[in-house]
Amino acid sequence: MTRHHPDSLSLMEYSAGNLSEPHALCIKLHLDKCSHCRSRVDTLDSLGAVMMEQQPKVTVSESMFDNILSKIDSEPVPRAERAGCSPKTRCRRESSGTHPSWRGNNHRSAGRIC
């Protein structure tokens, strides 16, 4: 029997798909063996589905899909240009937490040169 369980926030972030791949893998492996936590994640998944259903419908223009596809097909912008940093210097924004790489799952990029 498992003695240590992920905290509620980790389970919530797992349910929402917001964890980094290594962290999500750890949670998934735990859920494979722990019916208690698996039940909690199922409840969180159901709650998320209800919340999504209650969101107002949003209309988009007819050309939105084509615009998205053209952006996907275009040449990728180098990371330094996206962040607005010089490619040769260490980014000061990384250590302050305002660098774009700090959003989402790339939280380990501190000190990296853009």
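Remember, predicted model here, so these are calculated numbers, not experimental data.

About the thresholds
- Residues numbered from 1 in each chain as written.
- Predicted model: local features only at pLDDT ≥ 70, side-chain atom pairs only at ≥ 80, totals over all residues.
- Heavy atoms only, no water.
- Helix = DSSP H or I, 4+ residues; strand = E, 2+ residues; numbered from the N terminus.
- Buried < 20%, exposed > 50% of the residue type's maximum accessible area, 1.4 Å probe, protein only.
- Contact = heavy atoms within 4.5 Å.
- Areas by Shrake-Rupley, 256 points an atom, 1.4 Å probe, with all protein chains shown as cover.
- Axes fitted to C-alpha atoms, helices over the stretch in contact; angles between N-to-C directions.
- Parallel < 35°, antiparallel > 145°, perpendicular 65-115°, else oblique.
- Nonpolar A, V, L, I, M, F, W, Y, C, P; charged D, E, K, R; others polar.

S.K.: What's the story with the overall build of the chain in this structure? I'm lost.
M.R.: Regarding its fold elements, the chain presents 6 helices and 0 strands. The helix and strand sequence of the chain, counted from the amino end, reads α-α-α-α-α-α. The buried share of the chain, taken over its 114 residues, is 18%. In the chain, the proportion of contacts linking residues at least 24 apart, taken out of those at least 6 apart, comes to 42%. About 9300 Å² of surface is accessible on the chain, with carbon and sulfur atoms providing 56% of the total.

S.K.: Would you explain the packing of helix α1 (residues 8-16) against helix α2 (residues 21-33) in this entry?
M.R.: Contact pair α1 / α2: the axes reach a minimum separation of 10 Å and the direction vectors enclose 105°. Comparing the axis directions of α1 and α2 gives the class roughly perpendicular. Listed contacts from α2 to S10, L11 and Y14 of α1 are H23, A24, I27, K28 and L31. Among the residues making up the contact of α1 with α2, the classes are represented as 5 nonpolar, 2 polar and 1 charged.

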